[in-house]
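What follows is the residue order along each chain.
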Amino acid sequence: MDLPKNYDVKKIEENWMKKWKETGIYRWDPLKTREETFVVDTPPPTVSGSLHVGHMFSYSHQDFIVRYQRMKGKNIFFPIGWDDNGLPTERRVQNFLNVRCEPSMPYDPNLKVFPGRKGSPLSVSRKNFIELCDQVIVEDEKAFRNLWTRLGMSYDWELEYATIDRHCRLISQASFIELYRKGEIYQEEKPVLWDIDYQTAIAQAELVDKEVPSAFYYFRFPFPNSSDYLVIATTRPELLPACVAVLVHPNDERYKQYIGKTILTPLFHVPVPIMGDEKADPNKGTGVVMVCTFGDQTDVEWWKQFNLPLRQIVARNGTLLHIEFVSNDGKLKHLSDTGHLVIPSLNPDKANEIYSQIHRLYTGNAKKVLVEVANQIEGVIDRPETHITHTVRFFEKGDRPLEIVPTRQWYTKIIDKKEALIEQGKKIKWHPDYMYKRYEHWVEGLNQDWCLSRQRFFGVPIPVWYPINEGGEVIYSKPIVPDIKDLPVDPLSDVPEGYKEEQRDKPNGFTGEPDVLDTWATSSLTPQIATHWFLNPERHKKLFPMDIRPQAHDIIRTWAFYTIVKAYLHDGEIPWKNVVLSGWILDPDRKKMSKSHGNVVTPEPLIEQHGADSVRYWSAKARLGVDTAYDEQAFRVGRKLCTKLFNASKFAIMQLKNIDKELLRKEAIQNPIDIAVINELKTCIQRATASFDDFDYAQSLMLTEEFFWSVFCDNYLEIIKPHVYQSEITNEKISACSALRFIHRAIVRLLAPYLPYITEEVWNWEYSNDKDMSPSVHKSPWPSMREFDGIAEEKYPGLYEVLIGLINPIRKAKTEANISLAAPINRIDVQCPPMFNEVCQILIKDVVAMLHVNEYSICEGNEKIEVFVHI
RNA sequence: GGGCGGUUAGCUCAGCUGGUCAGAGCAUCUGCUUUACACGCAGGGGGUCGCAGGUUCGAGUCCUGCACCGCCCA
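The shown structure was predicted, so the numbers you read here are calculated from the model rather than taken from an experiment. The residue count restarts for each chain, going from 1 along the sequence in the order it is written. Throughout, the order in which chains and ligands are written sets their labels, letters from A for the former and numbers from 1 for the latter. For a predicted model such as this one, the threshold for reporting local features is a pLDDT of at least 70, and the threshold for listing and counting side-chain atom pairs is 80 or more; totals across whole chains, interfaces and linings nevertheless cover every residue. Calculation of side-chain values draws on the structure's entire complement of heavy atoms; hydrogens and water are dropped beforehand.

A look at the overall build of chain A
1) Next: In terms of helices and strands, chain A carries 23 helices and 31 strands.
2) Next: Within these notes, the globule rule equals 2.2 Å times the number of residues to the 0.38 power, and the radius of gyration is based on C-alpha atoms. In terms of overall size, chain A is more extended than a compact globule, its C-alpha atoms giving a radius of gyration of 36 Å where 871 residues would be expected to give roughly 29 Å.
3) Next: In terms of overall dimensions, chain A has C-alpha extents of about 120 × 65 × 50 Å along its principal axes.
4) Next: Summary of the burial criterion: residues with accessible area below 20% of their type's maximum are buried, those above 50% are exposed, and those between are partly exposed, where the area comes from a 1.4 Å probe applied to protein chains only. A burial count over chain A gives 56% of its 871 residues as buried.
5) Next: Pairs at least 24 residues apart make up 77% of the contacts formed inside chain A by residues separated by at least 6 positions.
6) Next: Each accessible area is a Shrake-Rupley result for a 1.4 Å probe, and residues are judged covered by the shown protein chains and nothing else. A total accessible area of about 37800 Å² is found for chain A, and carbon and sulfur atoms account for 49% of it.
7) Next: Residues counted as positive are Lys and Arg, residues counted as negative are Asp and Glu, and His and the chain ends are not counted. Throughout, a charge is located at the NZ atom of Lys, the CZ atom of Arg, the CG atom of Asp or the CD atom of Glu. Side chains of chain A carry 106 positive and 120 negative charges; the gap between the two charge centres is 2 Å. Under the scheme used here, helices are H or I runs from DSSP no shorter than 4 residues and strands are E runs no shorter than 2 residues, and both carry numbers assigned from the N terminus. The contact rule is simple, with two residues in contact once any of their heavy atoms fall within 4.5 Å.

Encoded structure:
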């Protein structure tokens, strides 16, 4: 075959992309044993998120490791899935199609919605909404599938899954039921972190703290029938109606005499007790704090601790509920006849009048209005507000602060297992190892069980129903749980055993749980999803625990943590032996790349422009765990390496085409220079392999690159030119060509995990029919020490260094004389210590031939080799 | 406030168990059109390795403190 003249990236990459697909070389072989298999717990990307270079970055890292393991002879289990359930998809559908889910609406089987619809959002039924989600993710998944294929990800596409598909729903619901039966899952009504925009509960892991500007407002809380008062600084005056107690530190000299007394809330005149507790910080505000239901987590703790009444005034959508203040006649009902909250007040008329001004407002507006009102009334505000910044908790995907709302939710018990989970973490090898600390600290800091239920739509349904008694009341305490063999179920359309559809939502009937599972409840099962778990115990046993979990470090507290939890709860096992953590791609200003920052670089044009190999090269330069600033320059460097490999390979293989292949044998390698360079290669392979075994692909690449470029191209190819150019077949030429083939064949394989396209191309020019190799470089063996068997021993250790010591001064002299390296020069005189004399004698002929030196002399010198060049 | 990581040439980063470790690539400068490659080759300039102490015969490398940056948690 004729070698191509130029390196046509696009043609080469498209060609191999097609061929790999046809031949299916990345298939997993289910018949091989566990020992022969390398199992990857691939992260399923969130398909509705924006695609950016960071994706290619961390996903390439997995592929380097996988391709290396494949070449080491491992049967690779490398599945790919799409994380498509959950909020990101809902949000994308809402924005893309301008719709909102309205669960109370009836299903419209003929609904058609097109992108770009203007005007206010169209309300659609829950079923329609889910159908729209299903449609949108098909497109999103196609985009990812194309990108991964183009990038050269060596997935087994037969193992593809999506977290919303039937199989994943089944696995996820089965996990729920098994843990429910084991008593590890429970439901409870209690205050939870609540997002008012998404109107759902969220878990501790989804929490982010943000510094926001705020203000302390100073309110006077009067004592009944007295002119005395205490001043309370609060950042949330709108919660004054929800105040249930006032707290001070028990040792605070200023206030401790008030403990046990009753005080009134300003504006609403509600009597509340003054209590003492260590958690009241004397240095914060005025040292007196009001407890509301609920302003923050401490309120929840005090509320529980002191068994305070519940005065929930914030609705699930973040507006203030209708409440009524009444005079305390001693037998107050908690709720009025119409179901709204009733609060005792010494001045109910005034309280109701003020509350009417904030009723139905969002908390933010209510705060403004209430402060205005307070300022107009003498003796309420003690002094002007002070402006501060403080940390407020947000849902990581939300824009407004979280509220705390008591609701019924499902939980997985994790607080009682902190120690065990830390032990599990220790059994796993973390790469880099310091990442383990992040896991440990996260587990240590857990303060609530894993809230599993989400009041959302596009997710895996929580597989339970509840009976309804004859009074029409839902009996949450006796959930109806399906049998695992009947999974997956949708409680809103499926009917529990023993009931009929007509009984849905009727007295003496049943009702379906409308909530869905936290997306992590499913994602935490990626190992079980891929192994098929209880559906195929033999397969599960063969693949679990897995070998590696590659992922980014920001989701240690979610994905890694929850996966460890599930593996522990179900199997008492670790899910994988290694966690391999990639860093992030930062923009050139070292900011995290994200859609909201507007600094996202989309990947397709980069591959288009530079080629997949170049992009992968850029990823490979970053070590595990290290965040890397985006630098377009690195793609050009990758491209240069590819071009260099192309050209050097073309040269090497052209020489090999000119000689009878029968003559090329390892035993024919006898020239000391050839042997010396082969020994350099040997060292390179040993070190590159050791690095790769430790998942340090970056180090491995650096070593190989250095050998390839500097030793092989710049020196070795140059010095053997006089040998291989000889027209007659001399021993020198046979030795050089044999070595050339041996070394080059190894280099191509060393680079194959990083540059799958160009290496496959080059491989097929010459090596694909070798008996000891495979038609694809990616199925060919990683260079091993055994390949060196049969090559003559190195007689002159250190010969390569001496060679360089002779070459460099001559090159330097020519450059300094501004003449070409090819230009002939008169003479060199070499002085060398006696111990190097023999080596110099061996090398000198090749050196002068390489650098076109007419005459030379060697004489005895002192400590080191010196070369005197006479131009 | 606690934890983790970082601070090495103009830029991006290597430097693993203390002793050829002061490095690479990019950028820059100077030469070289050499029959694999100008996406190349050869060579040069450029850093008191964040700061201050300490251990040691010897410290980017270990210890202590500090400063700054990033992330995580309270």
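Some details on the protein's contact with RNA strand B
1) Next: A cutoff of 4 Å decides nearness: a residue is near a molecule or strand if any of its heavy atoms lies inside that distance of it. As a structural note, the neighbourhood of RNA strand B is formed by 39 residues, with His-441, Arg-557, Arg-623, Lys-640 and Thr-815 the closest of them.
2) Next: What you see for RNA strand B is that sugar and phosphate hold 77% of its atoms within 4 Å of the protein.
3) Next: Within the backbone of Ala-648, one N or O atom sits 3.2 Å away from a base nitrogen of RNA strand B.
4) Next: Residue Lys-812 places a side-chain N or O atom 3.3 Å away from a phosphate oxygen belonging to RNA strand B.
5) Next: Those elements that place two or more of their residues in the surface near RNA strand B are helix H10 (435-444), helix H17 (633-657), helix H19 (697-724) and helix H22 (799-816).
6) Next: With nine residues, H17 is the single largest residue contributor to the surface near RNA strand B. What qualifies as a polar contact is a pair of N or O atoms within 3.5 Å, subject to a donor-acceptor requirement within protein and to the restriction that residues adjacent in sequence count only when both atoms come from side chains.

Looking at the sheet that holds strand S26 (residues 576-582)
Whether parallel or antiparallel, the strands of a sheet pair through hydrogen bonds between backbone atoms.
1) Next: The strand order across the open sheet built from three strands is S19-S26-S25, with neighbouring strands paired in parallel fashion. Edge positions in the open sheet fall to strand S19 (429-431) and strand S25 (546-552), since each of these has one partner strand only. Pairs of neighbouring strands in the sheet enclose a mean axial angle of 20 degrees, with direction left out of account.
2) Next: A pair of strands is labelled paired if DSSP reports no fewer than 2 bridges between them. Alignment of S25 against S26, held across six bridges, turns out to be parallel. Across the sheet, residue Gln-551 finds its bridge partner in S26, namely Leu-581.
3) Next: Axis definition: a line fit to C-alpha positions, over the contact stretch in the case of helices; interaxial angles, taken between N-to-C directions, run 0 to 180 degrees. Here helix H14 (residues 556-571) sits on the sheet in contact with S19, S25 and S26, set at roughly 160 degrees to S25.

As for the packing of aromatic side chains
1) Next: The criterion for an aromatic pair is that two Phe, Tyr or Trp rings (for Trp, the six-membered ring) have centres within 6.5 Å, with stacked assigned to planes under 30 degrees apart, edge-to-face to planes over 60 apart and tilted to the rest. Summed over all chains, the structure comprises 45 aromatic pairs.
2) Next: Between the aromatic rings of Phe-64 and Tyr-697, the centroid separation amounts to 5.4 Å while the plane-to-plane angle is 55 degrees, which identifies the pairing as tilted. Linking Phe-64 in helix H2 (residues 53-71) with Tyr-697 in helix H19, this pair joins segments that are 633 residues apart in sequence.
3) Next: One aromatic cluster in this structure is built from Tyr-59, Phe-78, Trp-82, Phe-144, Trp-148, Tyr-155 and Trp-157.
4) Next: Here the guanidinium or amino end of Lys-19 rests over the ring plane of Trp-16, the centre of that ring lying 5.0 Å away.
5) Next: Lying across the ring of Trp-20, Arg-67 places its NZ or CZ 5.4 Å from the centre. Working rule: Lys NZ or Arg CZ, within 6 Å of ring centre, within 35 degrees of ring normal, means a charge sits over the ring.

Quick look at the packing of H19 against helix H23 (residues 834-851)
A pair of packed helices is characterised by two quantities: the angle between their axes and the separation of those axes.
1) Next: Following both chains from N to C, one finds H19 and H23 inclined at 95 degrees, their axes separated by 9 Å at the closest point. Taken together, the axis directions place H19 and H23 in an arrangement best described as roughly perpendicular. Residues Asn-715, Glu-718, Ile-719, Pro-722 and His-723 of H19 pack against Asp-846, Val-847, Ala-849 and Met-850 of H23. Roughly parallel means an angle under 35 degrees; roughly antiparallel, over 145; roughly perpendicular, 65 to 115; everything else is oblique.

Details of the pairing of strand S16 (residues 341-345)
1) Next: Along S16, five of the five residues are buried, which leaves the element largely enclosed by surrounding structure.
2) Next: Of the two faces of S16, the one holding Leu-341, Ile-343 and Ser-345 and the one holding Val-342 and Pro-344 are both buried throughout.
3) Next: Summarising the sheet, strand S15 (residues 323-327) and S16 pair through five bridges and their orientation is parallel. Bridging across to S16, Val-326 finds its partner in Pro-344.

Re the pattern of salt bridges
1) Next: For salt bridges, the criterion is a side-chain nitrogen of Lys or Arg within 4 Å of an Asp or Glu carboxyl oxygen. Following the criterion strictly, the structure yields 46 salt bridges and no others.
2) Next: The partner of Glu-766 in a salt bridge is Lys-657, with the nearest N and O atoms 3.4 Å apart. In this pair, Glu-766 is assigned in helix H21 (residues 756-766) and Lys-657 in helix H17, connecting sequence segments 109 residues apart.
3) Next: Residue Lys-657 is classed as partly exposed on the basis of its relative accessible area, which comes to 43%.
4) Next: Salt bridges here are not isolated pairs; linked through shared partners, they connect Lys-657, Lys-661, Arg-741, Arg-745, Glu-766, Asp-770 and Asp-772.

Examining the confidence of the model for chain A
1) Next: Residues with a pLDDT of 70 or more make up 98% of chain A, whose mean pLDDT is 92.
2) Next: Listed scores for the predicted complex are pTM 0.92 and ipTM 0.95. The predictor attaches a confidence to each residue, and that confidence, scored 0 to 100, is pLDDT.

Quick look at the nonpolar core
1) Next: What is meant by a nonpolar core is a set of buried Ala, Val, Leu, Ile, Met, Phe, Trp, Tyr and Cys residues, joined one to another through side-chain atoms within 4.5 Å. By size, the foremost hydrophobic cluster in this structure holds 149 residues, and its most contacted members are Trp-148, Phe-712 and Ile-743.
2) Next: By residue number, the principal contributor to this core is H19, which donates 13 residues.
3) Next: Dropping the residues within four chain positions of it, Phe-712 is found in contact with Phe-707, Leu-717, Leu-740, Ile-743, His-744 and Ile-747.

Remarks on the packing of helix H16 (residues 612-620) against H19
1) Next: At a minimum axis distance of 9 Å, the contact between H16 and H19 shows a crossing angle of 115 degrees. Relative to H19, H16 is oriented roughly perpendicular. Contacts from Tyr-617, Ser-619 and Ala-620 in H16 reach Tyr-697, Ala-698, Leu-701 and Glu-705 in H19.
2) Next: Ten residues, namely Ala, Val, Leu, Ile, Met, Phe, Trp, Tyr, Cys and Pro, are considered nonpolar, four, namely Asp, Glu, Lys and Arg, are considered charged, and the remaining ones, Gly among them, are considered polar. A breakdown of the residues in the contact of H16 with H19 according to their chemical character gives five nonpolar, one polar and one charged.

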